[in-house]
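# Breakdown of the fold
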Amino acid sequence: MAAAARQIPIAAAAAQPVFPDEILEEIFLRLEAAADLARASAACPSFRRVVSARRFLRLFRSLHPAPLLGFLGRMGRSIRDDRFFPAEPPHRSASAARALDVVVCDPLHRRYVMIPPIPDDLAPASVPQYRMKALIPFLAPAGKDGDEEGSSFRIVSTLLFRNKFIAFVFSSCNQKWRRRSITRVGSSSFPFGSRGFTHFYAHGCIHWIVDSVCYSLMPDTLEMKFISFDLPPNSDGLKCAIVEAGEGRLGLLTLGDGSIDRFSKIWGNNGVGAEDWHYDKTIHLPKDCDGANYHWRILDASERYLPLLAIRRVYHDFRTPVLYFVLDLKTLLLERLCTLTADNRVSRVHLYASFPPPFAVPSI
């Protein structure tokens, strides 16, 4: 006689194991995409409680970079020509970028900050007033002075005047402007049209490349130190970028015909070390956009990403595609972000990365 099957109560079969909040945190922190975390939080009230906790959100943001959604750029000469260019497929942030609204303030948390003008006593007496009014500011990380929520920031404006490289820095923490300057190597004047405003971030400092010299501002030091150092011999400053290379080293990316080479040297508390630049590795550009047929250019970087522009060397149509790529400086993954045309391309971009609203914190 066959044994009777044991009856299992329906309620017991449907019951799910209950995990402590600490275990759920460890599971959710391993999710790479914020969209996956949002879907998990919608599964049940207990998941939502864990994910929405301030402590968990702080941990998640510290472990995962905010998704890169696109860039802000100016197509003409007027501020009215500014617009947002979202990431496009096949970029992994394309779906999130399509749902993005960009405004002047932080509408999600109903906050805005008015930046005071640079005080007259900070402006060098020798600099004409029209040059001071023409300064182009950019947003920079708060550095060591920032708060845990990431709502602190700096505004930086730079000026090349005669033989001086001048930087003005505003901190949202103390609501004050500061100024530092450094004399050009050799004390000669900067040539007209020097590329003095493309900036990079590495080791808590802001770096600019002018010709074959790097000028580095250390805003976290008490005196806001300004230093300079040479790039490797025969370097083309227009095709170089300063990045972090890991293990306390400063990296230099050089753009070639079909690849990007990375060099590095020691970076200490007082700046770059005395050692020579050492070759590290090569990052290959996409084969369908090689340097023989495309002209590549490095644009303004963020802490995590380096944007690049690629356009055909020879074209006769303003509808010729202009390709925008981003290089993840941590993983060295190169991805296409979006495509414009030659008649509406932008050469100055400001990358924008953000978590979706459930996980975002006030940005100002």
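Structure report, in brief. Being a predicted model, the structure only gives us computed values, none of them experimental.

Let us look at the sheet that holds strand E3 (residues 138-140). Spatially, the four strands line up as an open sheet ordered E3-E4-E5-E6, and their pairing is antiparallel. Each of the sheet's edge strands pairs with one partner strand only, and the pair in question is E3 and strand E6 (176-183). Between one strand and the next, the sheet's axes are offset by a mean angle of 30°, whatever the strand orientation. Pairing geometry for E3 and strand E4 (residues 154-161), over three bridges, is antiparallel.

With the rule as written, the count across this model stands at two cavities of 30 Å³ or more. Roughly 50 Å³ of volume is contained in the largest cavity. Taken together, Lys 239, Leu 255, Gly 256, Asp 257, Gly 291, Tyr 294, Trp 296 and Arg 313 form the lining of the largest cavity.

Judged by how many residues are buried, strand E9 (residues 213-218) sits mostly within the fold: six of six residues are covered. Residues Val 213, Tyr 215 and Leu 217 of E9 are buried on one face, and the alternating residues Cys 214, Ser 216 and Met 218, pointing to the opposite face, are buried as well. The antiparallel hairpin formed by strand E8 (residues 205-210) and E9 contains two residues in its connecting segment, where Asp 211 sits at a positive phi of about 60°. Examined bridge by bridge, E9 and strand E10 (residues 225-230) share six bridges and lie antiparallel to one another. By the bridge assignment for E10, Tyr 215 is matched with Ser 228.

As a further point, take the sheet that holds strand E16 (residues 294-298). Here four strands make up an open sheet; going across it, the order is E16-E17-E18-E19 and the pairing antiparallel. At either margin of the open sheet sits one strand with a lone partner, and together these are E16 and strand E19 (334-341). On average, adjacent strands in this sheet sit at an angle of 25° to one another, irrespective of strand direction. Sheet topology places strand E18 (residues 321-328) next to E19; seven bridges connect them, and they run antiparallel. Across the sheet, the residue bridging to Leu 323 is Thr 339, located in E19.

Moving on to a nonpolar patch on the surface. On the surface, Phe 19, Ile 23 and Ile 27 cluster together into a nonpolar patch covering about 260 Å² of accessible area. As for its position among the elements, Phe 19 is in the loop between helix H1 (10-14) and helix H2 (21-28). Judged by relative accessible area, Phe 19 falls into the partly exposed class, the value being 43%.

One finds Phe 200, Ile 242, Leu 253, Trp 296, Leu 306, Leu 308 and Leu 327 to be the most contacted residues of the largest nonpolar core, which totals 36 residues. With residues near it in sequence (within four places) discarded, Trp 296 still touches Leu 255, Leu 285, Pro 286, Cys 289, Asp 290, Leu 308, Leu 309, Ala 310 and Phe 325. Of all hydrophobic cores here, the second largest spans 21 residues; its members include Phe 71, Tyr 324, Ala 342 and Val 346.

A word on the side chain of Thr 320. Relative to the helices and strands, Thr 320 resides in the loop between strand E17 (305-312) and E18. Leave out the neighbours within four places in its chain, and Thr 320 touches Arg 312, Tyr 315, Leu 340, Thr 341 and Ala 342.

In this section: the packing of aromatic side chains. Counted by the stated rule, this structure contains 14 aromatic pairs. When the centroid spacing of 5.0 Å and the interplanar angle of 35° are considered together, the rings of Trp 296 and Phe 325 count as tilted. You can see Trp 296 sitting in strand E16 and its partner Phe 325 sitting in strand E18, a full 29 residues away along the chain. Taken together through their ring pairs, the aromatic side chains of Phe 28, Phe 47, Phe 56 and Phe 60 make up a single cluster.

The subject of this paragraph is the environment of Val 322. By secondary structure assignment, the location of Val 322 is in strand E18. As for Val 322 and Ala 310, which are separated by twelve residues in sequence, their C-alpha atoms are 6.0 Å apart. Ignoring sequence-local partners within four residues, the contact set of Val 322 consists of Leu 309, Ala 310, Ile 311, Cys 338, Thr 339, Leu 340, Thr 341, Ala 342 and Arg 345.

Moving on, we get to helix H3 (residues 34-41). Turning to H3, its buried residues number three or more, namely Ala 34, Leu 37, Ala 40 and Ser 41. All buried residues of H3 fall inside an arc of 115° around its axis, so they share one side. Each element contacted by the buried residues of H3 is listed here: H2, helix H4 (45-51) and helix H5 (54-63).

Residue placement: Pro 86 occurs in strand E2 (residues 82-86). When residues no more than four places from it in sequence are discounted, the contact partners of Pro 86 are Leu 69, Gly 70, Ala 97, Leu 337 and Cys 338.

The final tally for this structure, using the stated rule, is nine salt bridges. Notably, a salt bridge pairs Arg 55 with Glu 25, separated by 2.6 Å at the nearest N-O pair. Note that Arg 55 is positioned in helix H5 and Glu 25 in helix H2, a separation of 30 residues in sequence. A residue is classified by how much of its surface remains accessible, and Arg 55, at 47% relative accessible area, is partly exposed. For Arg 262, the salt bridge goes to Asp 280, with nearest N and O atoms at 3.5 Å. With a gap of 18 residues between them, Arg 262 in strand E13 (residues 259-268) and Asp 280 in strand E15 (residues 278-284) connect regions that are remote in the sequence.

What counts, and at which threshold
Residues numbered from 1 in each chain as written. Predicted model: local features only at pLDDT ≥ 70, side-chain atom pairs only at ≥ 80, totals over all residues. Heavy atoms only, no water. Pairing = 2+ DSSP bridges. Helix = DSSP H or I, 4+ residues; strand = E, 2+ residues; numbered from the N terminus. Axes fitted to C-alpha atoms, helices over the stretch in contact; angles between N-to-C directions. 1 Å grid on protein atoms, 1.4 Å probe; cavity = no way out; pocket = protein on both sides within 12 Å on 5 of 7 lines; lining within 4 Å. Points joined across faces, edges and corners; volume = space filled by probe spheres on them. Buried < 20%, exposed > 50% of the residue type's maximum accessible area, 1.4 Å probe, protein only. Patch = residues over 30% accessible without salt bridge, like charges linked within 9 Å, V, L, I, M, F, W, Y side chains within 5 Å. Areas by Shrake-Rupley, 256 points an atom, 1.4 Å probe, with all protein chains shown as cover. Salt bridge = Lys/Arg side-chain N within 4 Å of Asp/Glu carboxyl O. Core = buried A, V, L, I, M, F, W, Y, C linked by side-chain atoms within 4.5 Å. Contact = heavy atoms within 4.5 Å. Phe/Tyr/Trp six-rings, centres within 6.5 Å; stacked < 30°, edge-to-face > 60°. Arc of directions from axis to C-beta.

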